Amino acid sequence: MRLLAVLALLPSLAVAQPTRTIWSADVPKQQQVARMLTWLEQNFPRQVEEWIRIAEIQGKSEHEQERGQYVRGVMEQEGLAVTVDSIGNVIGVRKGRGGGPSVVFAAHIDIVHPLGTDLRVRRNGDTLHAPGIFDNSASVANMLAVIRALNAAKVETRGDLIFIGTAQEELGLRGMTYWLEHNPKPGFVVAMDGGLGPINYGALGIYWTKYFYRGQGSHTNTSAGKPHPARAAAAAIQRIYEIPIPTGQGGAVYNVGQIHGGSIFNGIPEEVWFSVDLRSVNPTLLDSLDGEIDKRARQAAADQKLTFAKEVVNHERAGGTEEMLRERRAHPLVQTAIDIQAWLGVQTGGRDALATGSTDSNAAVIRGIPSIAIGRSYGGDQHTLREWAHWPSALLGAKLTLLLALTMGGAAGAGGVPVQ
Ligand SMILES: [Zn+2]
């Protein structure tokens, strides 16, 4: 808490002055740290096996309990204080000796693939193939490997390390949001989600809304001049796509991804609806576009004398543009993660940090909690049946997690955030 107060008083630092790292190349030279890194390397085949095992457990959002049971079992074996909350998050606390901020590591355990999807993992050289192998089974395995490495070295941190297998991330960060709403504010939140690459320290705002048009319906023969939900929806979509999107201010994108209604050729449907997926890092722009879309959608209903309704399916707020988050960029958590990645040789495509992200970290960012999202391995095609992961690079993900736990958690000889 005191750290946060001090940070708030610091003058805003330019993006080009990343001076507040707590990483140093001496950290991995510490005997205990070096031993843990070696432990991860030596046990990496076991980590990959466990990763495959986790990936083959069904885990559609809201049905991720079996994966949760697995995570819980390992955490208990490793002596963490484990609880499962009512939404299904599995929380394992590794107590610190006190005097440091707590660090949350959150890896979501749910996947998007429906129950019954063939999740068998196929190994082909350096790649693993299966739905959910990358997003987010890789991070769950990284998290469990790090817990074991910390225990094998009997390392003690100042702050508590709180490991969470979060539930229902894919439904709009529900598990993480629930945990943050029901627990004391943690010092830092590290979401383990996404491909290895730039560190994400912001939050992409994502609004999902359904717009409904309802009327009496009618046989085609008597339909002339009658209110028509399909015509209203078509007009609304047309007008929504005419909204000018400002360039700059972080930008925005949107997409009408679903149109539904009607079931026969020869009648006006009683209901037609469409969905909008609207995204921006800029909270002001996001809300103003959401308002403009709402206005145009309603007007189309009024023009056709139809009943209008809307359903907000997801309302993840935005964290802010790069400009708005300048101080956050210079936070020790962000800079330390960047420096660790550079030391590990993680490929970032020339951008070491981005003021965006759409992971469990977003729920923390919008609550003002210092938070980042880190990658798990290289890979791609997540949320499709073609999903794949480059398995050797998961070792980088595990090492990155371990070194963040040691530095941010304030392990002896590994830096530590100066809270005293
Ligand atoms: Zn994910």
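Sequence positions are assigned chain by chain, starting from 1 and proceeding in written order. The model is predicted, so local features are restricted to residues of pLDDT at least 70 and side-chain atom pairs to those at 80 or more, both for listing and for counting; the totals for chains, interfaces and linings are taken over all residues. Side-chain descriptors were evaluated using all non-hydrogen atoms of the structure, hydrogens and water having been removed beforehand.

Draft legend 1. Expanded view of the packing of helix H2 (residues 31-42) against helix H12 (residues 394-408). Their axes nearest at 10 Å, the elements H2 and H12 cross at an angle of 155°. Taken together, the axis directions place H2 and H12 in an arrangement best described as roughly antiparallel. In terms of crossing hand, the pair formed by H2 and H12 is right-handed. In this structure, H2 contributes Val33, Met36, Leu37, Leu40 and Glu41 to the contact, and H12 contributes Leu395, Ala398, Lys399, Leu402, Leu403 and Leu406. Broken down by class, the residue content of the contact of H2 with H12 amounts to nine nonpolar, no polar and two charged. Fitted lines through C-alpha atoms serve as axes, helices being fitted only where they are in contact, and the angles separating the N-to-C directions of these axes extend from 0 to 180 degrees. Secondary structure counts use DSSP, requiring at least four H or I residues in a row for a helix and at least two E residues in a row for a strand, with both numbered from the N terminus. We call two directions roughly parallel when the angle between them is under 35 degrees, roughly antiparallel when it is over 145, roughly perpendicular when it lies between 65 and 115, and oblique otherwise. For any helix crossing, the convention is left-handed if the near helix is rotated counterclockwise from the far helix by under a right angle, and right-handed if that rotation is clockwise. The contact definition used throughout considers only heavy atoms, calling two residues in contact when any of these lie within 4.5 Å. In this classification, the charged set is Asp, Glu, Lys and Arg, the nonpolar set is Ala, Val, Leu, Ile, Met, Phe, Trp, Tyr, Cys and Pro, and all remaining amino acids, among them Gly, are polar.

Draft legend 2. The coordination of the zinc ion, seen in detail. Listed donors are limited to N, O and S atoms within 2.8 Å of the metal, widened to 3.2 Å for Na, K and Ca; water is not among them, so incomplete-looking sites are possible. Those donors, His108 (NE2), Asp135 (OD), Asp193 (OD) and Asp193 (OD), are the protein atoms that reach the zinc ion, and they lie 2.0 to 2.6 Å from it. Here a site with four donors is tetrahedral if all angles are between 85 and 135 degrees, and a site with four or six donors is square planar or octahedral if opposite donors are over 155 degrees apart and the other angles are between 65 and 115; anything else gets the irregular label. If you look at the zinc ion, its four donor atoms make angles of 52 to 145° with each other, and the shape they trace is irregular. Counting residues between consecutive donors of the zinc ion along the chain gives the motif H-x26-D-x57-D. One end of the pair, histidine 108, is in strand S3 (residues 103-108); the other, aspartate 193, is in the loop between strand S7 (188-192) and strand S8 (199-200), with 85 residues separating them in the sequence. For every residue, the accessible area obtained with a 1.4 Å probe (protein chains only) is divided by the maximum for its type, and the residue is called buried under 20%, exposed over 50%, and partly exposed between those limits. We classify histidine 108 as buried; its relative accessible area is 1%.

Draft legend 3. Summary view of the pattern of salt bridges. A carboxyl oxygen of Asp or Glu within 4 Å of a side-chain nitrogen of Lys or Arg is what we treat as a salt bridge. For the structure shown, the criterion picks out 22 salt bridges. The shortest N-O distance in the salt bridge between glutamate 76 and arginine 72 comes to 3.1 Å. Pair noted here: glutamate 76 and arginine 72 are both in helix H4 (residues 65-77), with a separation of four residues, about one helical turn. Under the relative-accessibility criterion, arginine 72 is labelled partly exposed at 29%. Here glutamate 156 makes a salt bridge to arginine 97, at a shortest N to O gap of 3.8 Å. Placement of the pair is glutamate 156 in the loop between helix H5 (133-152) and strand S6 (161-166) and arginine 97 in the loop between strand S2 (90-94) and S3, with a sequence separation of 59 residues. Bridged by salt links that share partners, the residues Asp135, Asp193 and Arg376 form one connected network.

Draft legend 4. Fine view of the environment of isoleucine 57. Tracing the chain through its elements places isoleucine 57 in the loop between helix H3 (44-55) and H4. Separated by 80 residues in the primary sequence, isoleucine 57 and serine 137 have C-alpha atoms spaced 9.6 Å apart. The residues contacting isoleucine 57, other than those within four sequence positions of it, are Glu66, Arg67, Tyr70 and Leu119.

Draft legend 5. Region of the structure containing helix H6 (residues 174-181). Taken as a whole, H6 has its buried residues at Gly175, Met176, Trp179 and Leu180. An end-on view of H6 places all buried positions within 130° of arc, on one side of the element. Summarising the contacts, the buried residues of H6 are in contact with S2, S3, S6, S7 and helix H11 (361-365). Each direction from the helix axis to a C-beta atom contributes to the arc, which is the arc of those directions.

Draft legend 6. Just the nonpolar core, in detail. Core analysis: the largest hydrophobic core is formed by 77 residues, its most contacted members being Ile372 and Leu404. A total of twelve residues in this core trace back to one element, the largest contributor, which is H5. Leucine 404 has contacts with Phe105, Val190, Leu333, Ala337, Ile340, Ile372, Ile374 and Gly409, leaving out every residue within four places of it along the chain. We define a nonpolar core as any set of buried Ala, Val, Leu, Ile, Met, Phe, Trp, Tyr and Cys residues linked to one another through side-chain atoms lying within 4.5 Å. Judged by nonpolar contacts, the second largest core, of 26 residues, contains Tyr254, Val256, Val272 and Val276.

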